[in-house]
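Fold and contact review
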Amino acid sequence: NSTLALIKLAVAIAAEIQKGNRSWYDTYLRQLPNRQDLNQTYPHFAGAAIIDDFGVLPLIQLVQHMQMFDLKLQRCFEAWKGNLSMWGGELALVHVEWTHLHLALAYARTRRRSMASTYA
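Only a predicted model underlies this, so the values are computations on that prediction, with no experimental measurement involved. (Residues numbered from 1 in each chain as written. Predicted model: local features only at pLDDT ≥ 70, side-chain atom pairs only at ≥ 80, totals over all residues. Heavy atoms only, no water.)

Bringing the overall build of the protein into the picture now. A tally of helices and strands in the protein yields eight helices and zero strands. Ordered by position from the N terminus, the helices and strands of the protein form the series α-α-α-α-α-α-α-α. Evaluated residue by residue, the protein yields a buried proportion of 31% over its 120 residues. Within the protein, residue pairs in contact and separated by at least 24 positions form 63% of the contacts whose partners lie at least 6 positions apart. Of the roughly 8400 Å² of accessible surface on the protein, a fraction of 59% belongs to carbon and sulfur atoms. (Helix = DSSP H or I, 4+ residues; strand = E, 2+ residues; numbered from the N terminus. Buried < 20%, exposed > 50% of the residue type's maximum accessible area, 1.4 Å probe, protein only. Contact = heavy atoms within 4.5 Å. Areas by Shrake-Rupley, 256 points an atom, 1.4 Å probe, with all protein chains shown as cover.)

Written as structure tokens, this is what we have:
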């Protein structure tokens, strides 16, 4: 499932970000836009004021749909994280918070590329 693959990729990115300079990817990750930058440029992070002002535009309707999808992802993530003690799981996930995962989702959505028709 592509949604599960996206969440797994975002968790891996968030875990690498939290490692800081211990991560092999640290140099690259520090060059990515931070949350404040994305709040100003990434439609997915549009706030209530922007949505109110531009709500009639088709783009904003899409943004609202994407934000609702992210709320579902957040619930899924929190349930997954809450069940780690019962089922075991990746230790890195224990330290990932939704705010970190939400930023990592933005990176995964805007910086990945399919290398073949079989990959999503």
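We now examine the nonpolar core. Counting 22 residues, the largest nonpolar core has Ile13, Leu38, Phe77, Trp98, Leu101, Leu105 and Tyr107 as the members making the most contacts within it. Those elements that place two or more of their residues in this core are α1 (2-19), α5 (58-82) and α8 (98-111). Tallying contributions element by element places α8 first for this core, with eight residues. (Core = buried A, V, L, I, M, F, W, Y, C linked by side-chain atoms within 4.5 Å.)

Quick look at the environment of histidine 100 now. Tracing the backbone through its elements, the reader meets histidine 100 in helix α8. Histidine 100 has contacts with Ala14 and Gln18, leaving out every residue within four places of it along the chain.

Attention shifts here to the packing of α1 against α5. One can describe the packing of α1 onto α5 by two numbers: an axis separation of 12 Å at closest approach and a directional angle of 65°. Taken together, α1 and α5 sit at an angle that is classed as roughly perpendicular. Considering how the two elements wind past one another, α1 and α5 form a crossing that is right-handed. The residues of α5 that touch α1, namely those facing Thr3, Ile7 and Val11, are Phe69, Leu73, Cys76, Phe77 and Trp80. Residue classes in the contact of α1 with α5 are distributed as seven nonpolar, one polar and no charged. (Axes fitted to C-alpha atoms, helices over the stretch in contact; angles between N-to-C directions. Parallel < 35°, antiparallel > 145°, perpendicular 65-115°, else oblique. Left-handed = near helix turned anticlockwise from the far one by under 90°. Nonpolar A, V, L, I, M, F, W, Y, C, P; charged D, E, K, R; others polar.)

This part is about the layout of surface pockets. The computed volume of the largest pocket comes to approximately 220 Å³. Lining the largest pocket are twelve residues, with Leu9, Ile13, Tyr25, Tyr28 and Leu29 positioned closest to its centre. Within the residue set of the lining of the largest pocket, elements represented by two or more residues are α1, α2 (26-31) and α8. Broken down by element, the lining of the largest pocket gets its largest block of residues, four residues, from α1. For the lining of the largest pocket, a count of residues per class yields nine nonpolar, no polar and three charged. (1 Å grid on protein atoms, 1.4 Å probe; cavity = no way out; pocket = protein on both sides within 12 Å on 5 of 7 lines; lining within 4 Å. Points joined across faces, edges and corners; volume = space filled by probe spheres on them.)

Next up on the list: the confidence of the model for the protein. This prediction gives the protein a mean pLDDT of 84; 84% of its residues lie at or above 70. Here helix α6 (residues 84-87) stands out as the element of the protein with the lowest mean pLDDT, 55, in contrast to α2, whose mean of 93 is the highest. (pLDDT = per-residue confidence, 0-100.)

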